[in-house]
Amino acid sequence: MKVCIVGTGYVGLTTGTCLAWLGHEVTCIDADQSKVNMLKAGKCPIYEPYLEQMLQDMLPRMRFAVESPEAISEADVVFIAVGTPPHPKGGPDLSYLREAAETVGRHLDSHFTVVVNKSTVPIGSGNWVGALVRESYRGNGSRSQDHFAVASNPEFLREGAAIFDTLYPDRVVLGSDDSRAIGMLYALYRPVLEQTFVPPPNVPRPEHLGAVPVITTDLASAELIKYAANAFLALKISYINEIGHLAEKAGADISQVAKGIGLDARIGTRFLQPGIGWGGSCFGKDTAALISTAGEYGVPMQIVAAAREVNCHQRERVIEKLLGELKILKGRTIGLLGLAFKPNTDDLREAPALSIVQNLLDRDCKVKAHDPAAMRRFRAEYAGVPLALCENPEEVVRDSDAVVLVTDWQEYRDLPWSELAGTMRKPVLLDGRNFLSRSQMEAAGFTYLSFGA
Ligand code: UDX
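Residues numbered from 1 in each chain as written. Predicted model: local features only at pLDDT ≥ 70, side-chain atom pairs only at ≥ 80, totals over all residues. Heavy atoms only, no water.

### Some remarks on the site of the ligand
Step number 1: Inspection of the region around the ligand gives 19 residues, with Phe156, Glu159, Gln273, Phe341 and Lys342 positioned closest.
Step number 2: Between the ligand and Glu159 there is a distance of 2.7 Å, counted from an oxygen atom to a backbone nitrogen or oxygen.
Step number 3: Gln273 places a polar main-chain atom, nitrogen or oxygen, 2.8 Å from an oxygen atom of the ligand.
Step number 4: It is helix α9 (residues 219-250) that contributes the most residues to the shell around the ligand, 3 residues altogether.
Step number 5: Classifying every residue of the shell around the ligand by side-chain character gives 9 nonpolar, 4 polar and 6 charged. (Near = heavy atom within 4 Å. Polar contact = N/O pair within 3.5 Å; in protein donor to acceptor, adjacent residues only side chain to side chain. Helix = DSSP H or I, 4+ residues; strand = E, 2+ residues; numbered from the N terminus. Nonpolar A, V, L, I, M, F, W, Y, C, P; charged D, E, K, R; others polar.)

### Some words on the nonpolar core
Step number 1: In this structure, Leu19, Phe79 and Val114 are the most contacted members of the largest nonpolar core, which totals 46 residues.
Step number 2: The biggest single contributor to this core is helix α8 (residues 179-193), with 8 residues.
Step number 3: Among all residues touching Leu19, those that are not within four sequence positions of it are Val3, Ile5, His24, Val26, Phe79, Leu188 and Tyr189.
Step number 4: The next biggest cluster of nonpolar side chains, apart from the first, holds 34 residues, and it includes Val318, Met375, Leu387 and Val406. (Core = buried A, V, L, I, M, F, W, Y, C linked by side-chain atoms within 4.5 Å. Buried < 20%, exposed > 50% of the residue type's maximum accessible area, 1.4 Å probe, protein only. Contact = heavy atoms within 4.5 Å.)

### Considering the sheet that holds strand β9 (residues 333-337)
Strand pairing in a sheet relies on backbone hydrogen bonds, with the paired strands running either antiparallel or parallel.
Step number 1: One open sheet accounts for 6 strands, arranged β11-β10-β9-β12-β13-β14; its pairing is parallel. Only two strands of the sheet have a single neighbouring strand rather than two, namely β11 (388-389) and β14 (447-449).
Step number 2: Where β9 lies against strand β10 (residues 366-370), 5 bridges are found, and the strand directions are parallel. The residue bridging Thr333 from the neighbouring strand is Lys366, located in β10.
Step number 3: Relative to the sheet, helix α12 (residues 302-326) contacts β9, β12 (402-405), β13 (428-431) and β14, its axis offset from that of β13 by approximately 160°.
Step number 4: Seen against the sheet, helix α13 (residues 352-362) touches β9 and β10 and runs at an angle of roughly 175° to β9. (Pairing = 2+ DSSP bridges. Axes fitted to C-alpha atoms, helices over the stretch in contact; angles between N-to-C directions.)

### Considering the packing of helix α5 (residues 95-107) against helix α6 (residues 125-139)
Two numbers describe a pair of packed helices, the interaxial angle and the distance between the axes.
Step number 1: It is the contact of α5 with α6, at a shortest axis distance of 7 Å, that shows an interaxial angle of 45°. When the axes of α5 and α6 are compared, the pair comes out oblique. Taken as a pair, α5 and α6 cross one another with a handedness that is right-handed. Mapping the contact onto sequence places Leu97, Arg98, Ala101, Glu102, Gly105 and Arg106 in α5 and Trp128, Val129, Leu132, Val133, Ser136 and Tyr137 in α6.
Step number 2: Looking at the contact of α5 with α6 residue by residue, the classes come out as 7 nonpolar, 2 polar and 3 charged. (Parallel < 35°, antiparallel > 145°, perpendicular 65-115°, else oblique. Left-handed = near helix turned anticlockwise from the far one by under 90°.)

### Here we look at the side chain of Thr345
Step number 1: Within the secondary structure layout, Thr345 lies in the loop between β9 and α13.
Step number 2: Of the residues examined, Thr345 reaches a relative accessible area of 0% and is grouped as buried.
Step number 3: Within the local environment of Thr345, its side chain forms a polar contact with the side chain of Glu159, the two groups lying 3.2 Å apart.
Step number 4: Among residues more than four places away in sequence, those in contact with Thr345 are Tyr10, Tyr47, Glu159, Ala340, Ala373 and Trp409.

### What to know about the sheet that holds strand β8 (residues 214-217)
Step number 1: One open sheet holds the 8 strands; their spatial order is β3-β2-β1-β4-β5-β6-β7-β8, and the pairing between them is mixed. Here the strands that pair on one side only, and so sit at the sheet edges, are β3 (62-65) and β8. Averaged over all adjacent pairs, the angle separating strand axes in this sheet is 20°, with direction ignored.
Step number 2: Helix-sheet contacts for α5 involve β1 (2-6), β4 (77-80) and β5 (113-117), and the interaxial angle to β4 is about 165°.

### What to know about the packing of helix α11 (residues 283-296) against α12
Step number 1: For the pair α11 and α12, the least separation of the axes is 9 Å and the interaxial angle reads 145°. Considering how the two elements wind past one another, α11 and α12 form a crossing that is left-handed. Counting all contacts with α11, which are made through Gly284, Thr287, Ala288, Leu290 and Ile291, the residues of α12 involved are Val304, Ala305 and Arg308.
Step number 2: Counted by class, the contact of α11 with α12 contains 5 nonpolar, 2 polar and 1 charged residues.

### A short note on helix α1 (residues 10-21)
What sets the pattern is the α-helix's 3.6 residues per turn: residues three or four places apart point alike.
Step number 1: Here α1 is 12 residues long and its end C-alpha atoms lie 17 Å apart, about the 16 Å a rise of 1.5 Å per residue gives.
Step number 2: The element α1 is largely enclosed, with a buried count of 12 among its 12 residues.
Step number 3: The first or second residue beyond α1 is Gly23, which carries a positive phi of 115°. (Expected span 1.5 Å × (residues − 1).)

Don't take any of this as a statement about function, it's just geometry.
As structure tokens, then:
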């Protein structure tokens, strides 16, 4: 099928490249000429494992342009995947979405096209996008009948595992009030739903993966599924962090508690990893949006609000724990291992590291940090923050009064910890992700602090 993707951010580019892999003909449109030039040259503007390789393999089947009226008019499916960044006044900034919807409407022709909204938008926006497309579609001629339908097809991809999640999803959600649109999206995703495509070499199909379940529903339900799923994952993390706090006080071991809870199949073991809490572009934004939309209907989202509060508090607990051990923070040197909100990404949006750095600087600490992928982005986006970026983890640890492991990058597991302990002013290690082994760290000479034990 012919697919046009408007917006080549995380979601747009991954979706486009994966759809090309499935055999579709894909044109990606992005207003940023430098991004388009990079993509044409097979260079990936975002950090995502294996995406650049896949993009290069797919170049013959993909086109990139700043604008392409014919790609929109010829497309069977147009995805709108532009950014909806937080607006300074609160809520998402929908100006890119408005612009994209109007552009799509202007160029649609009279063959039937499904316009899929992939941007994360407040519940009910599908209708709004439909209205914008319709207005602009009808505005430029005497077209009185719609030859398009709007659909919602929320994505659940995790950064760092974006290709895997797109090709091997737990489920596919297709929401539209138009049955033709559902039929076309079903056809588009058939190779994923039936798992008939040849897997990319670096992202093999998990063993025993059968057909992927598909939920076909109306627009509003599809939009709500996305928010409700993300909020549930977020509150699962906050729940284990709250239980972890109690475990610390009661002398219990949260890793055992989490396992004991998670092995109940009704609960599940995933997203029960305690620590400094969630970050990233989705959980914070989506929980806030859910609360705000529910507020418009007079529905209080108390559980979701509590999950946000607990998450905020986890970052403050880093300071509490350091204070508990060092007694005085003023004038101390604190080293951070990791800046990104999670491993395998350079994304710093809502990263816990940002508030931890600020909190330590406010307390007159000297702060040093290392991250295997996110330092370049930190330099570019937070140039004014007086954080000393180090070339390697050894430099972070040397002469520090305490080290906080903020991001659970695999390479931090295998550091020569025994040697490192000897280079510190005080061998205090706060493991913000409960990632390292207490017994090994204590044997290496550290005072080991973690969350929930
Ligand atoms: C998330 C959802 O998983 C995805 O389905 C959605 O579409 C987008 O938001 P992502 O933000 O990429 O994906 O990251 P995810 O892997 O979910 O982790 C989010 C944050 O939670 C990270 O900061 C991670 O470190 C933290 N986390 C995750 C925990 O603290 N404990 C856990 O058990 C799991």
